[in-house]
Amino acid sequence: LDNNEETTLRMRMNYAKSLYTDADATVDDLAEAVKMLLQTARTARRVLGGAHPLTGNIDGYLGQLHEILGARKETQPAENLAEEVD
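(A) Structural view of the nonpolar core. With 18 residues, the main nonpolar core has M13, Y20, A33, L37, I58 and L65 as its most contacted residues. Among the secondary structure elements, those contributing two or more residues to this core are helix 1 (6-21), helix 2 (27-47) and helix 3 (53-85). The element contributing the most residues to this core is helix 2, with seven residues. When sequence neighbours within four positions are dropped, the list of residues in contact with A33 reads A16, L19, Y20 and L65.

Here's what the structure looks like:
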């Protein structure tokens, strides 16, 4: 498949979503998901346009991922503290 085909863009979007929705996702997984979604969003805008539903879905997933990253930042110090107590 061509990198610019809608099917390829959907596969990349779904792979990135699977990375960040995994309960055991590592920081590296989240970073990979951000990178993949940003690249996919750029390509989708160029190929499909900003009004295309797939472009909107990708943007929505980026928003979810940013919320997850924000929540992780808020809980990270408490997790580090718990490790130090053990």
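(B) Quick peek at helix 2. Look at helix 2: 30 Å from first C-alpha to last across 21 residues, which is about the 30 Å you get at 1.5 Å a residue. Along helix 2, the residues that are buried comprise L30, A33, V34, M36, L37, T40, A41, T43 and A44. In the segment just after helix 2, G49 is the residue with positive phi, at about 100°.

(C) View of the confidence of the model for the protein chain. Per-residue confidence for the protein chain averages 87 on the pLDDT scale, and 86% of its residues sit at or above 70. Ranking the elements of the protein chain by mean pLDDT puts helix 3 last, at 78, and helix 1 first, at 95.

(D) Structural detail: the environment of G56. Tracing the backbone shows G56 in helix 3. On the basis of relative accessibility, which here comes to 40%, the residue G56 falls in the partly exposed class. When the C-alpha atoms of G56 and R45 are compared, they prove to be 9.5 Å apart, with 11 residues separating the residues in sequence.

(E) Spotlight on the pattern of salt bridges. Enumeration according to the criterion identifies two salt bridges in this entry. For R10, the salt bridge is made with E6, and the minimal N-O distance between the two is 2.9 Å. Residue R10 and its partner E6 are located together in helix 1, separated by four residues, close to a single helical turn. With a shortest N-O distance of 2.6 Å, R45 and D59 are connected by a salt bridge. Taken together, the residues span a long stretch of sequence, with R45 in helix 2 and D59 in helix 3 at a distance of 14 residues.

(F) Structural view of the packing of helix 1 against helix 2. Contact pair helix 1 / helix 2: the axes reach a minimum separation of 9 Å and the direction vectors enclose 155°. Between helix 1 and helix 2, the angle is such that the two are roughly antiparallel. Relative to helix 2, helix 1 is oriented so that their crossing is left-handed. For the pair formed by helix 1 and helix 2, the contact residues are L9, R12, M13, Y15, A16, L19 and Y20 on the first element and D29, L30, E32, A33, M36, L37, T40, T43 and A44 on the second. Of the residues assigned to the contact of helix 1 with helix 2, the class counts are 11 nonpolar, two polar and three charged.

Reading the values: the criteria
Residues numbered from 1 in each chain as written. Predicted model: local features only at pLDDT ≥ 70, side-chain atom pairs only at ≥ 80, totals over all residues. Heavy atoms only, no water. Core = buried A, V, L, I, M, F, W, Y, C linked by side-chain atoms within 4.5 Å. Buried < 20%, exposed > 50% of the residue type's maximum accessible area, 1.4 Å probe, protein only. Helix = DSSP H or I, 4+ residues; strand = E, 2+ residues; numbered from the N terminus. Contact = heavy atoms within 4.5 Å. Expected span 1.5 Å × (residues − 1). pLDDT = per-residue confidence, 0-100. Salt bridge = Lys/Arg side-chain N within 4 Å of Asp/Glu carboxyl O. Axes fitted to C-alpha atoms, helices over the stretch in contact; angles between N-to-C directions. Parallel < 35°, antiparallel > 145°, perpendicular 65-115°, else oblique. Left-handed = near helix turned anticlockwise from the far one by under 90°. Nonpolar A, V, L, I, M, F, W, Y, C, P; charged D, E, K, R; others polar.

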